[in-house]
Amino acid sequence: MFPHPGPNRNRRFKIVDSDMVNFMETVSFKKTDESLGEIFGISYNTWRKIARREPVRYSLANRLEHRISMMRGSGDAPPKGLTSSN
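Residues numbered from 1 in each chain as written. Predicted model: local features only at pLDDT ≥ 70, side-chain atom pairs only at ≥ 80, totals over all residues. Heavy atoms only, no water.

> Please explain the packing of aromatic side chains as it appears in this structure.
Any aromatic ring pair is given by two values, namely how distant the centres are and how the planes are angled relative to each other. Across all of its chains, the model carries zero aromatic pairs by this definition. Sitting over the face of the ring of Y58, K14 holds its NZ or CZ atom 5.2 Å from the ring centroid. (Phe/Tyr/Trp six-rings, centres within 6.5 Å; stacked < 30°, edge-to-face > 60°. Lys NZ or Arg CZ within 6 Å of the ring centre and 35° of its normal.)

Okay, here's the thing in structure tokens:
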């Protein structure tokens, strides 16, 4: 059964901002659970939802957006050994 759509329903899920998704797509990384987890803190299944612009948990989207903004601000590259595109 689906949860009852209450007043906070829209705050439960969120679509990751297109700018963030574009950044994720341009970063060279292996699209595996291991590399996605280490770089972005997400699984491959979550990546597929994000790439298709589907809603993900609100807390997950906020955490991901924070992580990406930190990567952009510090100029950090993905961890060594996880830079091959797949």
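> I'm lost on the nonpolar core in this one. Help?
What tends to happen in soluble globular proteins is that the nonpolar side chains get buried as a cluster. V16, M24, F40, I42, I50 and L64 are the most contacted members of the largest nonpolar core, which has 20 residues in total. Elements that contribute at least two residues to this core include exactly helix 1 (18-26), helix 2 (33-40), helix 3 (44-51) and helix 4 (58-74). Apart from residues no more than four positions distant in its own chain, I42 is found in contact with M24, D33, L36, G37, W47, I50, L60 and L64. (Core = buried A, V, L, I, M, F, W, Y, C linked by side-chain atoms within 4.5 Å. Buried < 20%, exposed > 50% of the residue type's maximum accessible area, 1.4 Å probe, protein only. Helix = DSSP H or I, 4+ residues; strand = E, 2+ residues; numbered from the N terminus. Contact = heavy atoms within 4.5 Å.)

> Honestly, helix 4 in this entry has me stumped. Any pointers?
Structurally, the α-helix is built with 3.6 residues per turn, so residues lying three or four positions apart point the same way. Along its 17 residues, helix 4 runs 24 Å from first to last C-alpha, staying within 8% of the 24 Å computed at 1.5 Å per residue. Within the span of helix 4, buried status applies to L60, A61, L64, E65, I68 and M71. The buried residues of helix 4 occupy an angular sector of 130 degrees when projected down its axis, which confines them to one face. Exposed residues pointing more than 90 degrees away from the buried face of helix 4 are listed as H66 and G73. Buried residues belonging to helix 4 abut strand 1 (13-14), helix 1, helix 2, helix 3 and strand 2 (56-57). (Expected span 1.5 Å × (residues − 1). Arc of directions from axis to C-beta.)

> Which parts of the structure should I look at to understand the packing of helix 1 against helix 3?
Running from amino to carboxyl end, helix 1 crosses helix 3 at an angle of 125 degrees, the nearest separation of the two axes being 10 Å. As far as their axial angle goes, helix 3 and helix 1 are oblique. Between helix 1 and helix 3 lies a crossing whose hand is left-handed. Along its contact with helix 1, which presents V21, M24 and E25, the element helix 3 presents W47, I50 and A51. A class-by-class count of the residues in the contact of helix 1 with helix 3 yields five nonpolar, no polar and one charged. (Axes fitted to C-alpha atoms, helices over the stretch in contact; angles between N-to-C directions. Parallel < 35°, antiparallel > 145°, perpendicular 65-115°, else oblique. Left-handed = near helix turned anticlockwise from the far one by under 90°. Nonpolar A, V, L, I, M, F, W, Y, C, P; charged D, E, K, R; others polar.)

> Please clarify how the packing of helix 2 against helix 4 should be interpreted in this entry.
Each packed pair of helices is defined by two parameters, the angle between the axes and the distance between the axes. Running from N to C, helix 2 and helix 4 cross one another at 75 degrees; their axes reach a closest spacing of 10 Å. Considered as vectors, helix 2 and helix 4 are oriented roughly perpendicular to each other. Residues G37, E38, I39 and F40 of helix 2 form the contact with helix 4, whose own contacting residues are L64, R67, I68 and M71. Classifying every residue of the contact of helix 2 with helix 4 by side-chain character gives five nonpolar, one polar and two charged.

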